[in-house]
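This is what each chain is made of:
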Amino acid sequence: MKTFSATPADIDKKWILIDAEGVVLGRLASIVAMRLRGKHKPSFTPNMDMGDNVIVINADKVQMTGKKRDEHFYWHTGHPGGIKSRTKQQILEGAHPERVVYQAVKRMLPGNRLSRKQMTNLRIYAGAEHPHEAQAPEVLDVKSMNKKNTRS
């Protein structure tokens, strides 16, 4: 028996909707990363974009354990002495709280061209509204997968 290797004709992409309200950030990010890569499919091929389109809503209501809200995200402006940082709490309270979820998912994927292409299949919204109703996304209930996925 030969090993199955998917071709672009074999790929079937679905739309998945995930509600992030009350879900622990790292557990949410690992599930989203797995769905983006397509590792949940039996026909997974590492060099193809097999993953689904994922919509995450209520990203501003994501939970974190311990003191992780006080941890910093660092970046550099490119100028001398240009190191900058913000805590996750500051970002969640700011204008773009979805960036916390975006960075968590991005850092759970390999750093290559295919992962950058797969990240374009991720849509994150801070509120409960999203403009993708026409795609009829199927709801994935992350909260009920494992009791550790939620934090009260």
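Structure first, text after, so check above.
Residues numbered from 1 in each chain as written. Predicted model: local features only at pLDDT ≥ 70, side-chain atom pairs only at ≥ 80, totals over all residues. Heavy atoms only, no water.

The next point concerns the sheet that holds strand β2 (residues 53-57). Strand order in the open sheet formed by 4 strands is β5-β2-β1-β6, with parallel pairing between adjacent strands. Each edge of the sheet is formed by a strand with only one pairing partner; in this case those strands are β5 (122-124) and β6 (138-139). The pairing of β2 with β5 spans 3 bridges and is parallel. For V54, the partnering residue across the bridge sits in β5 and is L122. The sheet contacts of helix α1 (residues 25-37) involve β1 (15-19), β2 and β5, and relative to β2 the element is tilted by about 155 degrees. (Pairing = 2+ DSSP bridges. Helix = DSSP H or I, 4+ residues; strand = E, 2+ residues; numbered from the N terminus. Contact = heavy atoms within 4.5 Å. Axes fitted to C-alpha atoms, helices over the stretch in contact; angles between N-to-C directions.)

It is worth spelling out unusual backbone geometry at this point. For N58, which is not glycine, the phi torsion reads 60 degrees and is therefore positive. With respect to the helices and strands, N58 occurs in the loop between β2 and β3 (72-76). The phi angle at A136 is positive, at roughly 50 degrees, despite the residue not being glycine. Within the secondary structure layout, A136 lies in the loop between β5 and β6.

Bringing α1 into the picture now. In this model, α1 (13 residues) spans 18 Å end to end at C-alpha, consistent with the 18 Å of a helix rising 1.5 Å per residue. Check the buried side of α1 and you find it contacts β1, β2, α3 (98-106), α4 (113-119) and β5. Trailing α1 by a residue or two, G38 shows a phi angle of about 90 degrees, which is positive. (Expected span 1.5 Å × (residues − 1).)

Below, the discussion takes up the pairing of β1. Across the 5 residues that make up β1, a large majority, 4, are buried. Summarising the sheet, β1 and β2 pair through 5 bridges and their orientation is parallel. Counted as the bridge partner of D19 is I57 from β2. Viewed along the sheet, the connection from β1 through α1 into β2 turns out right-handed. Where β1 and β6 come together, 2 bridges link them in parallel fashion. In the strand pairing of β6, L17 is matched with V139. (Buried < 20%, exposed > 50% of the residue type's maximum accessible area, 1.4 Å probe, protein only. Right-handed = clockwise from strand over helix to strand, strands pointing away.)

Glancing now at the environment of A95. For A95, the position within the fold is in the loop between α2 (88-93) and α3. The exposure class of A95 is exposed, given its relative accessible area of 71%. C-alpha separation for the pair A95 and L17, spaced 78 residues apart in sequence, amounts to 23 Å.

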